2 protein chains.
Amino acid sequence: MLGQMMDKPLLISNLITYAAKFHGDRDIISVETDASITKTNWANINERAKKLASALGKLGLKAGDRCATIAWNNHRHLEVYFGTAGGEYVCHTINPRLSAEQLGYVINHANDQILFIDKTFLPIAVGLKDHMPNVKQVILMGAKDEEALAALPNIMFYEDLIASGDADYQWPDFDENTASSLCYTSGTTGHPKGVLYSHRSTLLHSYCVVMPDSLSLSALDNIIPVVPMFHVNAWGLPYAAAMTGAQLTLPGPGLDGASLLKMINEYQVTIAAGVPTLWQGLLAALRETGAKIPSLDRTIIGGTACPISLIKAFKDDYDVDILHAWGMTETSPVGLVNKPLIKHLNQSKDEQEAMAVKQGRPPFGIDIRICGDDGSKLAHDGAVQGELQVNGYWVVKDYFNIEADTTLAGDGWFATGDVATIDGDGFVNITDRAKDVIKSGGEWISSIDLENLAIGHDEILDAAVIGAKHIKWDERPVLLVVLAEGSSLSEAEILADYVGQVPKFWIPDRVLFVEALPHGGTGKLLKNKLRDDYGDCLL
Amino acid sequence: MLGQMMDKPLLISNLITYAAKFHGDRDIISVETDASITKTNWANINERAKKLASALGKLGLKAGDRCATIAWNNHRHLEVYFGTAGGEYVCHTINPRLSAEQLGYVINHANDQILFIDKTFLPIAVGLKDHMPNVKQVILMGAKDEEALAALPNIMFYEDLIASGDADYQWPDFDENTASSLCYTSGTTGHPKGVLYSHRSTLLHSYCVVMPDSLSLSALDNIIPVVPMFHVNAWGLPYAAAMTGAQLTLPGPGLDGASLLKMINEYQVTIAAGVPTLWQGLLAALRETGAKIPSLDRTIIGGTACPISLIKAFKDDYDVDILHAWGMTETSPVGLVNKPLIKHLNQSKDEQEAMAVKQGRPPFGIDIRICGDDGSKLAHDGAVQGELQVNGYWVVKDYFNIEADTTLAGDGWFATGDVATIDGDGFVNITDRAKDVIKSGGEWISSIDLENLAIGHDEILDAAVIGAKHIKWDERPVLLVVLAEGSSLSEAEILADYVGQVPKFWIPDRVLFVEALPHGGTGKLLKNKLRDDYGDCLL
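Remember, predicted model here, so these are calculated numbers, not experimental data.

**Student:** For the interface of chain B and chain A, give the residues involved together with the corresponding values.
**Tutor:** Chain B puts 83 residues into the contact, and the matching count from chain A is 83 residues. Interface area, chain B with chain A, both sides summed: about 6400 Å², of which 60% is carbon and sulfur. Inspection of the chain B/chain A interface yields eight salt bridges. The partner of K397(A) in a salt bridge is D7(B), and the shortest N-O contact between them spans 3.1 Å.

Take a look at the structure:
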């Protein structure tokens, strides 16, 4: 027997309609590509998004057609988010740091019909113009620009497109499982793979992002998404902001510490989100200028483990909580957030710090487990390591347009490729990537734990630990380090630091000093290359 | 084109599974019918709910069958919530204050197969036993009880039922639009009407309840639902608590001020929810004992307008925020919550108090409008009054098992029967019930505003304003008051108080002094009866 409640689909257009109707005059601040600042609001974003959707229809787009973006965090990108999805098109955000080959691959694999670009990325569009046969139209995200016209004679201008849209366009109704956006995840090997989000998954994820035990967003918040809008939809913040009527402060290309500091204080930002590197930059700017950031209440850190020193500096010196969260493109991305339980409130400072570096626990809507190599379900005791698998309302079912899918466990769980422990309360500690974990004499050694300890050293700029082949133990850890300028730290000194901090058999067999470590387009350490180069160094 | 995210239905069993898995040891405190206290937790609630679902199947129940409850807020009632819905049955909570005739009507109209009762309500079950032919089994919510056996020889005992359930029962998967619970709403006329909630509407409503701009629930909260579990599912708090892993402190029958004070301090309750009368009782107990309630952060008030004096007393003397919310059985119930916007933070204290008595603004998921008698959509300017209509994910589509439905506007909005203004930010001020608004010479006069001003007087215990027939103006307001013992307040004194507080033409034409005012089973003032008795007094 069915209930008798209203049938109303979970659509992204409902988010922007709500924001425009009940929070219409709430500011949206946007730093443009030319560093000028636009002040607009949710009502205007909705009006322009509707005109955009209408104009895309006039360009001949059909429901489901993909529209690519290569753009910074700014108000036009926000309009494209809502205008494409609301109009039943798909917003395909592309990371400009991908290689030319990867850019061509994802545009063609997605079968993008439209390419929106910020002027910064005009050279990318010029370089790609003969390699994207299905793209009908490149659209520069701004007003008419002679330089762009000279470089790409067929280019259209965003403001002309908006002007051609109908002011009385109405958002269409359709199935909530319709695709809304598309993000490719670039592994360290193989082609990028696309995750095709739906309106339903996006709205349920937004409810999750808003929860007090997640990012805790309200109409009083002013959010600076420092995480790019081309990176897992800026962690879903544009949607969650519309859901609550929060202000968005979009930093454009200005992601250095000084620019962030200025934006936070000028616009009274309450919450920031991004990867640890950015907060290191902000911290440096704060220390250099002696400035304070009284409006900032919390920052959300994800993407990679956050050093405890950074958490402590923001808390002790600036009264800003750094909140650890974990997710993947495949999880929309919020999968875990490090929010305490009642039992943690009376912990010692040491215990609390040990908790703070964990990835967190799942909010409602996400389920988690760890499994062994043989697929067996392992204990949630905080000690046993296994591959982290997840399941939930905003988790990928299978990749876009790929036949064989190897990431789903047989029973419908997504295998993350992360190795982790889970404690009795569901707190996850990620110890490694499955392919990076070092299997030494049948025991698992966490390369991440060894790296974090090394990076904690003042004189070490970057570090990587790989499993090198070993005749007796199969694999043994080898540490590669980039020393700070002028440092004369020795192998023996570095290894001595591990004593007492990790089990004795975890201590690396060798330290190699290198000039730099190889990172991919999205900043990921390319351990495959390190294993190719150094994997035989113990033989 | 559909997205490629996991297909996972929004089921109530997912809430209790989550609470048990990630917050299993979080306390559930329950005051039993005999005043003893049970301390259990989410893991146990889940285990027993599963056994209950299994046992109901063994009793021959089929998917969709309704199970009635007449019970206080306690752990067994909580188990019945999850056990029935999780097992694909429907939990039909009944208000014991209904008349015998209404009780019989709703049990038969719902076609209830099972009746769960707390021992307090044994006399109700005895009285009904020959008037509910479809009820297969009455179940006393406790262990074997000789007195109950003597009164109803076929009665079963809840603990025996639980003992008969399978410990390894697994929650079934089914369509999220399946009915999960049923609440009847008793108007002041006609038969009660049933609202049949679905799993989907319940989970989306729970996400809404949890939001910072709604009740803002986290795992750190300890919730005392003083609102009965037979009243719109205790405003959805049992579900929202499971969604966050919050503690529930269930007060059983002890709803007097002294009992609430004891529970709040003994169990460190952080949030309470109920109607204003209960908070008047708590306030009296606080003042009498000189006690403080340091753990209590906020209380949610709904059901009826809250006097500003109560809001001020809790804020100024006890640092407890009273949060105004509005809803109906038909809206699950949360439709509006009074949470400020940025623009309200710098208001004067007077302006903030004027805001605080409003019903609030809609959280995402609810849309609102006001309409005239002719169905025209009226301006949201904070001045124009019209009938409040709502639309949303957890709003009723039509009533259970009733052919003709007159509550839905033609375009799918639910007409609340409340008269309200809406300001430009969506803040609603309910000025009357549509049938109670006084239409004097073409202008609308709010009976509620006139009543609230009268009730604010120290010597007035209760007040009602009706529109009495008038030869010249069609209707004119007449005030009925119940004076405090010993008061000699005169008609002229009472009317003088209105001067300057309301438009002059709102001031009642007459004051009638009465011994008591007639209230229905759920506390609603029976204005129909007052109009029958006094509607001609100006002719």
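**Student:** Tell me about the packing of aromatic side chains, and please be specific about residues and values.
**Tutor:** Under the definition given, this model contains 25 aromatic pairs over all chains. Each ring, one from F314(A) and one from Y318(A), has its centre 6.3 Å from the other, and the planes form 55 degrees; the classification is tilted. You can see F314(A) and its partner Y318(A) sitting in helix α13 (residues 308-318), four residues apart, about one turn around the helix. Classification of F314(A) as buried rests on a relative accessible area of 0%. Classification of Y318(A) by relative accessible area gives buried; the value is 13%. Pairwise contacts between aromatic rings join Y18(A), F22(A), Y207(A), F364(A), Y393(A), W394(A), Y18(B), F22(B), Y207(B), F364(B), Y393(B) and W394(B) into one cluster.

**Student:** Got a sec to walk through the domain arrangement of chain A? Specific residues and values, please.
**Tutor:** Bring the parts together and some accessible area is lost; that lost area is often taken as the interface size. With domains assigned, chain A is organised as domain 1 (12-27 + 38-211) and domain 2 (438-534). Here domain 1 of chain A and domain 2 of chain A have C-alpha centroids that lie 41 Å from each other.

**Student:** Describe the nonpolar core, with residues and values.
**Tutor:** Counting 178 residues, the largest nonpolar core has W42(A), F82(A), F116(A), W42(B), F82(B) and F116(B) as its most contacted members. Ignoring anything within four residues of it in the chain, the contact list for F82(A) reads I12(A), L15(A), I16(A), W42(A), A49(A), G87(A), W171(A), P238(A), Y239(A) and A242(A).

**Student:** Can you tell me about the sheet that holds strand β10 (residues 222-225) of chain A, naming the residues and giving the values?
**Tutor:** In sheet architecture, strand pairing relies on hydrogen bonds along the backbone and comes in two forms, parallel and antiparallel. Residues and elements named next belong to chain A. An order of β2-β1-β11-β10-β12-β13-β14-β15 is seen for the eight strands of this open sheet, with the pairing classed as mixed. Sheet topology places β2 (37-41) and β15 (334-337) at the edges, where each strand pairs with a single neighbour. Taking the axes of each pair of neighbouring strands and ignoring which way they run, one obtains an average angle of 25 degrees across the sheet. Alignment of strand β13 (residues 298-301) against strand β14 (residues 321-327), held across four bridges, turns out to be parallel. Considered in β14, the bridge of I301 is made with H324. Here helix α3 (residues 75-86) sits on the sheet and contacts β1 (27-31), β2 and β11 (247-250); the angle it forms with β11, its principal contact strand, is near 125 degrees.

**Student:** Hey, could you go over the environment of Y498(B) for me, with residue numbers and the actual values?
**Tutor:** Residue and element names in this part refer to chain B. Relative to the helices and strands, Y498 is located in the loop between α16 (491-496) and β24 (510-513). For Y498, a relative accessible area of 2% gives the class buried. Ignoring anything within four residues of it in the chain, the contact list for Y498 reads L450, L453, A454, L479, I507 and P508.

**Student:** Summarise the packing of helix α11 (residues 257-267) of chain B against helix α12 (residues 276-289) of chain B; cite the residues concerned and give the values.
**Tutor:** Residue and element names in this part refer to chain B. Orientation of α11 relative to α12, taken along the N-to-C sense of each, is 75 degrees, at an axis distance of 7 Å. Looking at the two axes, α11 sits roughly perpendicular to α12. Taken together, the residues of α12 that come into contact with α11 (itself represented by G257, A258, L260, L261 and I264) are L278, W279, G281, L282, A285, L286 and T289. Grouping the amino acids of the contact of α11 with α12 by side-chain chemistry returns nine nonpolar, three polar and no charged.

Rules of the game
- Residues numbered from 1 in each chain as written.
- Chains lettered and ligands numbered in written order.
- Predicted model: local features only at pLDDT ≥ 70, side-chain atom pairs only at ≥ 80, totals over all residues.
- Heavy atoms only, no water.
- Contact = heavy atoms within 4.5 Å.
- Buried area = accessible area lost by both parts, 1.4 Å probe.
- Salt bridge = Lys/Arg side-chain N within 4 Å of Asp/Glu carboxyl O.
- Phe/Tyr/Trp six-rings, centres within 6.5 Å; stacked < 30°, edge-to-face > 60°.
- Helix = DSSP H or I, 4+ residues; strand = E, 2+ residues; numbered from the N terminus.
- Buried < 20%, exposed > 50% of the residue type's maximum accessible area, 1.4 Å probe, protein only.
- Domains from an automatic or database assignment.
- Core = buried A, V, L, I, M, F, W, Y, C linked by side-chain atoms within 4.5 Å.
- Pairing = 2+ DSSP bridges.
- Axes fitted to C-alpha atoms, helices over the stretch in contact; angles between N-to-C directions.
- Parallel < 35°, antiparallel > 145°, perpendicular 65-115°, else oblique.
- Nonpolar A, V, L, I, M, F, W, Y, C, P; charged D, E, K, R; others polar.

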